[in-house]
Amino acid sequence: MVVLMASGATDTQIEAVVSRVRRTGGEAFVSRGVHRTIIGLVGDVDRFRALNLRRMAGVADVIRVSTPYKLVGLGHNPERSTVYVGETDTRPGVPVGPGVFTLLAGPCAVESLDQTLEAAEMARAAGATLLRGGAFRQPSPPQAFRGLGRAGLHILAEAGQATGLPVVTEVTEASDVELVARYADMLQVGARNMQNYALLDAVGGLGKPVLLKRGIQATIEEWLMAAEYVAQRGNLNIVLCERGIRTFEPTTPATLDISAVPVVQSLSHLPIIVDPAHASGRRDLVLPLSRAALAAGADGILIDVHPDPDAALCDGPQALGGPDIRELASAIRRLTPVVGRRSAEVATPAPF
Ligand code: PEP
Ligand code: MN
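Read on for a plain summary of the structure. (Residues numbered from 1 in each chain as written. Chains lettered and ligands numbered in written order. Predicted model: local features only at pLDDT ≥ 70, side-chain atom pairs only at ≥ 80, totals over all residues. Heavy atoms only, no water.)

### A short note on the overall build of the protein chain
Counted only if it meets this: Starting at the N terminus, helices and strands are each numbered in turn, a helix being any DSSP run of H or I of at least four residues and a strand any DSSP run of E of at least two. To sort residues, take the accessible area from a 1.4 Å probe on protein chains only and compare it with the maximum for the residue type: under 20% means buried, over 50% means exposed, and anything in between is partly exposed. Between two residues, a contact is recorded if the distance between any of their heavy atoms is within 4.5 Å. The Shrake-Rupley method, run with a 1.4 Å probe sphere, supplies the accessible areas, and residue values consider only the shown protein chains as cover. Charged-residue counts in this description rest on Lys and Arg as positive and Asp and Glu as negative, His and the chain ends being excluded. Each charge is placed at NZ for Lys, CZ for Arg, CG for Asp and CD for Glu.
Within the protein chain, the regular secondary structure consists of 11 helices and 15 strands. Dimensions of the protein chain, computed from C-alpha atoms along their principal axes, come out at roughly 80 × 40 × 40 Å. Taking all 352 residues of the protein chain together, 51% fall into the buried category. Within the protein chain, contacts between residues separated by at least 24 positions form 69% of all contacts whose residues are at least 6 apart in sequence. Accessible surface, the protein chain as shown: approximately 15700 Å² in total, 52% of it carbon and sulfur. When the 34 basic and 36 acidic side-chain charges of the protein chain are each reduced to a single mean position, those positions are 6 Å apart.

### Re the nonpolar core
For soluble globular proteins, the rule of thumb is that nonpolar side chains tend to be buried together. The condition that has to hold: Side-chain atoms within 4.5 Å are what join buried Ala, Val, Leu, Ile, Met, Phe, Trp, Tyr and Cys residues into a set we call a nonpolar core.
Counting residues in hydrophobic clusters, the biggest one holds 68 residues, and the most contacted among them are Leu-212, Leu-240 and Ile-303. Take this core: its biggest share by element is seven residues, from helix H7 (residues 220-232). Sequence-distant contacts of Ile-303, defined by excluding residues within four places in its chain, comprise Leu-103, Leu-104, Ala-105, Gly-106, Pro-276, Val-286, Ser-290, Leu-320, Ile-325 and Leu-328. Val-3, Val-21, Val-45 and Val-62 belong to the second largest nonpolar core, which has 17 residues in total.

### Side note on the packing of aromatic side chains
The condition is simple: Ring pairs shown here join Phe, Tyr and Trp side chains whose ring centres sit within 6.5 Å, with only the six-membered ring taken for Trp; geometry is labelled stacked below 30 degrees between planes, edge-to-face above 60, and tilted in between.
Within this structure, the stated rule accounts for one aromatic pair. Geometrically, the ring pair formed by Tyr-197 and Tyr-229 is stacked, given 4.2 Å between the ring centres and 25° between the ring planes. One end of the pair, Tyr-197, is in helix H6 (residues 197-206); the other, Tyr-229, is in helix H7, with 32 residues separating them in the sequence.

### Overview of unusual backbone geometry
Even without glycine at this site, Asn-52 takes up a positive phi of about 55°. By secondary structure assignment, the location of Asn-52 is in the loop between helix H2 (45-50) and strand E4 (59-63). If you check the backbone angles, Asp-315 has positive phi at about 55° while not being a glycine. Relative to the helices and strands, Asp-315 resides in the loop between strand E14 (300-304) and helix H11 (322-335). For Asp-315, a relative accessible area of 24% corresponds to the partly exposed category.

### Overview of the coordination of the manganese ion (ligand 2)
Keep this limit in mind: Any N, O or S atom lying within 2.8 Å of the metal counts as a donor, with the limit raised to 3.2 Å for Na, K and Ca; because water is left out of the atom set, some sites can appear incomplete.
Surrounding the manganese ion (ligand 2) are the protein donor atoms Cys-108 (SG), His-278 (NE2) and Asp-315 (OD), at 2.1 to 2.5 Å. Expressed as a motif, the donor residue spacing for the manganese ion (ligand 2) is C-x169-H-x36-D. Taken together, the residues span a long stretch of sequence, with His-278 in helix H9 (residues 276-280) and Asp-315 in the loop between E14 and H11 at a distance of 37 residues. On the basis of relative accessible area, His-278 is assigned to the buried category, the value being 17%.

### Remarks on the site of ligand 1
This is how it is decided: Residues are counted as near a molecule or strand when any one of their heavy atoms sits within 4 Å of it. Here a polar contact is recorded for every N or O atom pair within 3.5 Å, except that within protein the pair must consist of a potential hydrogen donor and a potential acceptor, and residues adjacent in sequence are included only if both atoms are side-chain atoms. Think of it as three bins: nonpolar holds Ala, Val, Leu, Ile, Met, Phe, Trp, Tyr, Cys and Pro, charged holds Asp, Glu, Lys and Arg, and polar takes everything else, Gly as well.
In the vicinity of ligand 1, the contacting residues are Arg-132, Gln-188, Gly-190, Ala-191, Arg-192, Lys-213, Arg-243 and His-278. Between ligand 1 and Gln-188 there is a distance of 3.0 Å, counted from an oxygen atom to a side-chain nitrogen or oxygen. Between an oxygen atom of ligand 1 and a side-chain N or O atom of Lys-213, the distance comes to 2.7 Å. Its free accessible area being 290 Å², ligand 1 has 92% of it covered by the protein chains. Across the shell around ligand 1, the residue classes tally to one nonpolar, three polar and four charged.

### Brief notes about the packing of H6 against H7
The description of two packed helices rests on the angle between their axes and on the distance between the axes. Selection rule: Note on geometry: axes are C-alpha line fits, over the in-contact stretch for helices, and angles between N-to-C directions span 0 to 180 degrees. Roughly parallel covers angles under 35 degrees, roughly antiparallel covers those over 145, roughly perpendicular covers 65 to 115, and oblique covers all other angles. In this scheme the handedness of a crossing depends on how the near helix is turned from the far one: anticlockwise by less than a right angle means left-handed, clockwise means right-handed.
Remark: H6 packs on H7, axes separated minimally by 7 Å, with the N-to-C direction vectors making an angle of 45°. By the angle between their directions, the pair H6 and H7 is classed as oblique. For the pair H6 and H7, the sense of crossing is right-handed. Seen from H6, the contacting residues are Tyr-197, Leu-200, Asp-201, Val-203 and Gly-204; seen from H7, they are Ala-226, Tyr-229 and Val-230.

### Observations concerning the pattern of salt bridges
Selection rule: The working definition used for a salt bridge is a side-chain nitrogen of Lys or Arg within 4 Å of a carboxyl oxygen of Asp or Glu.
Throughout the structure, instances matching the rule amount to 16 salt bridges. Across the salt bridge formed by Glu-27 and Arg-22, the nearest N and O atoms sit 2.9 Å from each other. With a relative accessible area of 32%, Glu-27 lands in the partly exposed category. Taking the relative accessible area as the measure of exposure, Arg-22 reaches 44% and is therefore partly exposed. Three or more residues joined by partner-sharing salt bridges are found here, namely Arg-80, Asp-299 and Arg-341.

This is the structure we're talking about:
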């Protein structure tokens, strides 16, 4: 913390601040400028806060310089982290982090075994190394498809086994975390639940990798504080996902905050991916926004794919079909070396 004294603050006022800080066991370092004096405080921030220094005579402001997200902040780990998803005794985990560019893809919602197997195969053939699909969904319109629940988890796990891809799926309730974790390799916390602290505690307690989407109205600091909830439970296997925020612009459901990628990287060691589909809601914007994510330094992207997007039970307008996902895959393959990254392993192309 830094105490900024008012211009014209007297020596007695400065001394009063210093001695109040020292009485709590903290240290105070005074720097006198031509017009202003600032006092740097070192010690227990909560105890300093209780001193109410802002109300002391001669004090202009008290500024917090330490962050409220210590474990996910760069102070805890100055190197960027890699999260490994789906690591078992027999297979290495899929890395999400610096160096690689990871494609997470799959059906927005698991609708049936056939549809999920087909979407999973499209994803794998396009170079996806993680299969993402929804079984528990909480869409904003109450009449929209809410997912197959437990039956959807079975299907997803089967598609994961068939393609060899670890599975990522959303969990919406703290009480479902153990159930979902039996089937999934990574648990997604959706935008609407970013500040569901019971859920964050529950996924934190489990230790499995967590995909934490940014709330539609959340600041970057609030998002990192949400990640800190998970981390405080001992789970630092967190991947952040920028998925657009609400702005005054109505053309797209959310405005993709591409600057969040480098901003987060300047504050946190956690990997960050981008979801261009939920931000834009439009298939034609997925490719340009994916290129932007890669160029901005994101560690991967999350894409909805569907064998028949026009017949999808949810998010069809933003889902990629066969030709679109092939085009995206080839753009990623061409661009990743340009920005100094490796593409995710590309599987042998299979006919869709
Ligand atoms: C999703 O990823 O399927 C989803 C609903 O996204 P969000 O939580 O970002 O709205
Ligand atoms: Mn979706």
